[in-house]
Amino acid sequence: MKIKNQALDHDVEIFKKYKNLLKELTIKDIKLKYRSSWLGIIWSFLQPLLNMIVLSVVFGGLLGKKSDLIVCYPVYLFTGRLLFSFFTSSSKQALRSFRKNQAIIKKVYVPKYMYPLSSILSNFVTFAISLICLVCVWIFFKLTGISGGADLKLSGYVLLCWVPMLLMLIFSTGVGLILSVVSVYFRDIEYIWDVLCQLLFYMVPIIYHLSTIKRDWVVTLIKINPLYSMIELFRQCVLYGQIMSGKMFLYALVVSIVTLVIGILFFNWKSDDIIYHL
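Just so it is clear, the structure is predicted and the values come from calculations on it, not from any experiment.

Criteria and thresholds
- Going along each chain's sequence as written, the residues are numbered from 1 onward.
- Only residues with pLDDT of 70 or above have their local features reported here, since the model is predicted, and side-chain atom pairs are shown and tallied only from 80 upward, although totals for entire chains, interfaces and linings are computed over all residues.
- Processing note: side-chain calculations cover all non-hydrogen atoms of the structure and skip hydrogens and water entirely.
- The convention used is that axes are lines fitted to C-alpha atoms, helices contributing only their stretch in contact, and that angles between N-to-C directions extend from 0 to 180 degrees.
- Only runs of H or I of at least four residues qualify as helices and only runs of E of at least two qualify as strands under DSSP, and these elements are numbered from the N terminus.
- An angle below 35 degrees is treated as roughly parallel, one above 145 as roughly antiparallel, one from 65 to 115 as roughly perpendicular, and anything else as oblique.
- Should the near helix be turned counterclockwise from the far one by less than a right angle, the crossing is left-handed, whereas a clockwise turn marks it as right-handed.
- Contact criterion: two residues are considered in contact whenever any of their non-hydrogen atoms come within 4.5 Å of each other.
- Here the nonpolar group is Ala, Val, Leu, Ile, Met, Phe, Trp, Tyr, Cys and Pro; Asp, Glu, Lys and Arg are the charged ones; every other residue, Gly included, is treated as polar.
- The classification of residues rests on relative accessible area computed with a 1.4 Å probe and restricted to protein chains. Under 20% of the type maximum is buried, over 50% is exposed, and intermediate values are partly exposed.
- In summary, the charge assignment counts Lys and Arg as positive and Asp and Glu as negative, without counting His or the chain termini.
- Salt bridges are defined as contacts in which a side-chain nitrogen from Lys or Arg sits within 4 Å of a carboxyl oxygen from Asp or Glu.
- Buriedness of a pocket was judged along seven lines, with at least five required to meet protein on both sides within 12 Å; pockets are open sets of points on a 1 Å grid over the protein atoms alone, cavities are sets where a 1.4 Å probe fits but cannot get out, and lining residues have an atom within 4 Å of a point.
- Grid points are joined across faces, edges and corners, and a volume is the space filled by probe spheres set on the points.

(A) Layout of the packing of helix 5 (residues 114–144) against helix 6 (residues 162–185). Their axes nearest at 10 Å, the elements helix 5 and helix 6 cross at an angle of 150 degrees. Looking at the two axes, helix 5 sits roughly antiparallel to helix 6. Taken as a pair, helix 5 and helix 6 cross one another with a handedness that is right-handed. Contacts between helix 5 and helix 6 pair Pro116, Leu117, Ile120, Leu121, Phe124, Phe127 and Leu131 from the former with Met165, Leu169, Ser172, Thr173, Gly176, Leu177 and Ser180 from the latter. Here the contact of helix 5 with helix 6 is composed, by residue class, of 10 nonpolar, four polar and no charged.

(B) Local environment of the packing of helix 3 (residues 73–100) against helix 9 (residues 226–238). The contact between helix 3 and helix 9 brings their axes to 10 Å, and the two run at 140 degrees. For the element pair helix 3 / helix 9, the angle class is oblique. Seen from above, helix 3 lies across helix 9 with right-handed handedness. Of helix 9, the residues touching helix 3 (which contributes Tyr76, Leu77, Thr79, Gly80, Leu83, Phe84 and Phe87) are Leu227, Met230, Ile231, Phe234, Arg235 and Val238. Considering only residue class, the contact of helix 3 with helix 9 consists of 10 nonpolar, two polar and one charged.

(C) Local environment of the side chain of glutamate 232. Mapped onto the secondary structure, glutamate 232 falls in helix 9. Buried charge without a salt bridge: glutamate 232, with arginine 235 as the nearest opposite-charge side chain at an N-O distance of 4.2 Å. Setting aside residues up to four positions removed in sequence, glutamate 232 forms contacts with Tyr240 and Met248.

(D) The arrangement of empty space enclosed by the protein in detail. A full pass over the atoms with the stated rule returns one cavity of 30 Å³ or more. One number sums up the size of the largest cavity: a volume of about 30 Å³. Along its surface, the largest cavity is lined by Asp29, Ile30, Lys33, Gln93, Ser122, Asn123 and Thr126. Counting residues per element, the ones that place at least two in the lining of the largest cavity are helix 1 (2–33) and helix 5. Across the lining of the largest cavity, the residue classes break down as one nonpolar, four polar and two charged.

Written out as structure tokens, the structure is:
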């Protein structure tokens, strides 16, 4: 036990020593993302907004009116799309983080988890900024009443929206750590993960409501997906003005922590060999 405590204390000291570097890497990732863009960080607002408009036009008439449980389809779509986009973009950037920084890794010692972690945190910052756009969209539909916006409810439970956001961050970090290592040994994972993310988009109720699925085994499969629980928890706070489901929260919490622990253990197991495969 004493040896484990010493190892943990050592890891904490290393993290404190390099925390400013983590901050700089995160800022660098944000700047690089919008470096060649005229609008820069404004795309954090425009991109999710334009995606919402396109998907609302395409799927709104087809899926938005098939369930009475959907409150204001554009906002329903927006809330799901925001969290899902954060997960996919952060996991994809974490996956590429070692190859993107391989020149630095080979020359300078830095705790290797800094690279995938900074990629995930930079996406979380962008995601947090995008919430301002969500607020604007929510207010617009509430005031105009368009697409059922009059049924949107605001309550004190909206202040709990940070809980599913934090769970998504924890879960994404665990997945990102695993993918970052796997991609060094198995380069094709980048293309496989891209396809899997497209599949996940349709396996999570983002453009449709779960009640539209009639087959029980498909419903069960969707509910097992932790992304469903986190997105639904977020919607309960922001969209429906309800308290979060206790069972759903407990499931999302356990899966997030377990994924993070597995990610850390797997990363520590293989991280020392990464430099030989870059």
